[in-house]
Amino acid sequence: MSKSYRDGLPISAREFIDQLLRFRRGSISRRHFLGVTGLGAATAVLAGEFGLRPMPAYAAGELGDRMSIATWPNYHDPQTFIDFTTKTGVAVEVNVFGSNEEMLAKLQAGASGWSLFVPTNYTISTYRELDLIDALDLSKLPNYDAAAQNKRFTAEGEVNGVLCAVPKNWGTTGFAVNTKKLTQPMTSWKDFFDTSMTTGSGRSMVHDYQLTTIGNALKYFGYSFNSLKPDELAKAEELLLKVKPHLFAISSDYQPAMRNGDAWLTMCWTNDGAQLHRDIPEIDYVLGKEGGEIWTDFYAVPKDAPNKAAGYALVNYLMDPKVAVKEHIANGAPSTDSRVNALLPKDLLDNPILYPAADLLAPLEFGAAATLTDPARAELMARFKSA
């Protein structure tokens, strides 16, 4: 490699490494780094020898040294945040939530401390209407490629023509069952609830999340997952109150109990189902034949984010297909991005948990915005939990 120069004079190897580390942390700009080291046109050599990828130029100190993200249980490869910290110097604090209602309440209360969060598709319009999220500045997200996205799953990131969120992944809501403990085949939400009250009594779990817990109880009767009709909600409540004494727990973080054998049956999201089946093959993931939920999760920047620069930097990093593919392999949820799909191993693309048959996907419903703030559903869930 050619010599490096500062003010026309060669710099030492120690000085060069110091400047390189400052550049990786984002504390100096790319332009400053190239000027101080004298590399100039040798950027390609630098990239080849040190494995650097171009990153947006940030002013010294612009990214700060820490940020916080609000997300879901078991949802990221921890190494992703370690690598981001190594490259930028920004430590990432991860806050885990079990429902979109919790996230909404936290943001409405103010001073959440989040610089980034992971809302589900049906909530984004409400966040925008309440002025809780920013319209995204795409100049800060060069790794995002709208043309690579599958519009079936990503349309709700836009509100009135304004892009407010970019997609992380999509998936479904079904249930996970330990087939060594519960040997009777299960194919429906009727099977799920009936088993919870019989052979699965004391070993079953439902989400601490009204959308899915109420929605799947509605599917037991063949009603819409998003129903707001009083008579249909009353039937769902009757079922939930009947099943409540038989439950092991009401929790959206159900993997530990399924892994240690305390629970044998749980409502489950795609990514958890894939992780559980990968590690414990007797745990199957089932989509209820009556239907249920299909969803997309997004990245969004809160209006009051304390470190928006770092929030954008992290989203942009996560949108890099080479980073995203590692996230998807660890996470287990399918991607909306064709660039990522091109990098995924064939066994993941062929996995029926991640990419179910068309006849199983057809009856699934995206969550409706009205369910997020509907008082009847909120009160029903509160009564169920306190019963």
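Residues numbered from 1 in each chain as written. Predicted model: local features only at pLDDT ≥ 70, side-chain atom pairs only at ≥ 80, totals over all residues. Heavy atoms only, no water.

1. Describing the confidence of the model for the protein chain
Logical step 1: With 84% of its residues at a pLDDT of 70 or more, the protein chain shows a mean pLDDT of 88.
Logical step 2: With pLDDT under 50 throughout, residues 1–9 is counted as low confidence; its partners more than four residues away or in other chains account for 19 contacts.
Logical step 3: Across residues 39–54, where pLDDT falls below 50, the model places 25 contacts with residues more than four positions away in sequence or in other chains. (pLDDT = per-residue confidence, 0-100. Contact = heavy atoms within 4.5 Å.)

2. Comments concerning the packing of helix α4 (residues 78–88) against helix α13 (residues 308–319)
Logical step 1: α13 packs onto α4 with a crossing angle of 120° between their chain directions and a minimal axis gap of 11 Å. Classified by the angle between their axes, α4 and α13 sit oblique to one another. Between α4 and α13 the crossing geometry is right-handed. Contact with α4, carried on its side by T80, F81, D83, F84 and K87, involves A310, A313, L314, Y317 and L318 of α13 and no other residues of that element. (Axes fitted to C-alpha atoms, helices over the stretch in contact; angles between N-to-C directions. Helix = DSSP H or I, 4+ residues; strand = E, 2+ residues; numbered from the N terminus. Parallel < 35°, antiparallel > 145°, perpendicular 65-115°, else oblique. Left-handed = near helix turned anticlockwise from the far one by under 90°.)

3. Brief notes about helix α19 (residues 375–386)
In an α-helix there are 3.6 residues to a turn, and that puts residues three or four apart on one side.
Logical step 1: Helix length check: α19, at twelve residues, gives a terminal C-alpha distance of 16 Å against a target of 16 Å (1.5 Å per residue), a fit within 8%.
Logical step 2: Within the span of α19, buried status applies to R377, L380, M381 and F384. Projection of α19 onto a plane perpendicular to its axis shows the buried side chains occupying an angular sector of 95°, all on one side.
Logical step 3: In this structure, the buried residues of α19 make contact with β9 (204–206), α9 (210–220), α10 (230–243), β10 (247–250) and α18 (370–373).
Logical step 4: The N-cap residue of α19 is D374: its side-chain oxygen and the backbone nitrogen of A376 are 3.3 Å apart. (Expected span 1.5 Å × (residues − 1). Buried < 20%, exposed > 50% of the residue type's maximum accessible area, 1.4 Å probe, protein only. Arc of directions from axis to C-beta. Polar contact = N/O pair within 3.5 Å; in protein donor to acceptor, adjacent residues only side chain to side chain.)

4. Points about the sheet that holds strand β5 (residues 116–117)
Logical step 1: With respect to topology, three strands assemble into an open sheet ordered β4-β3-β5, the strand pairing being parallel. Whereas interior strands pair on both sides, the edge strands pair on one side only; in this sheet they are β4 (91–96) and β5.
Logical step 2: Of the strand pairs in this sheet, strand β3 (residues 66–71) and β5 are connected by two bridges, and their pairing is parallel. Bridged to I69 within β5 is L116.
Logical step 3: The sheet contacts of α4 involve β3 and β4, and relative to β4 the element is tilted by about 150°.
Logical step 4: Strands in contact with α13 are β3, β4 and β5; relative to β3, the strand with the most contacts, it is inclined by about 60°. (Pairing = 2+ DSSP bridges.)

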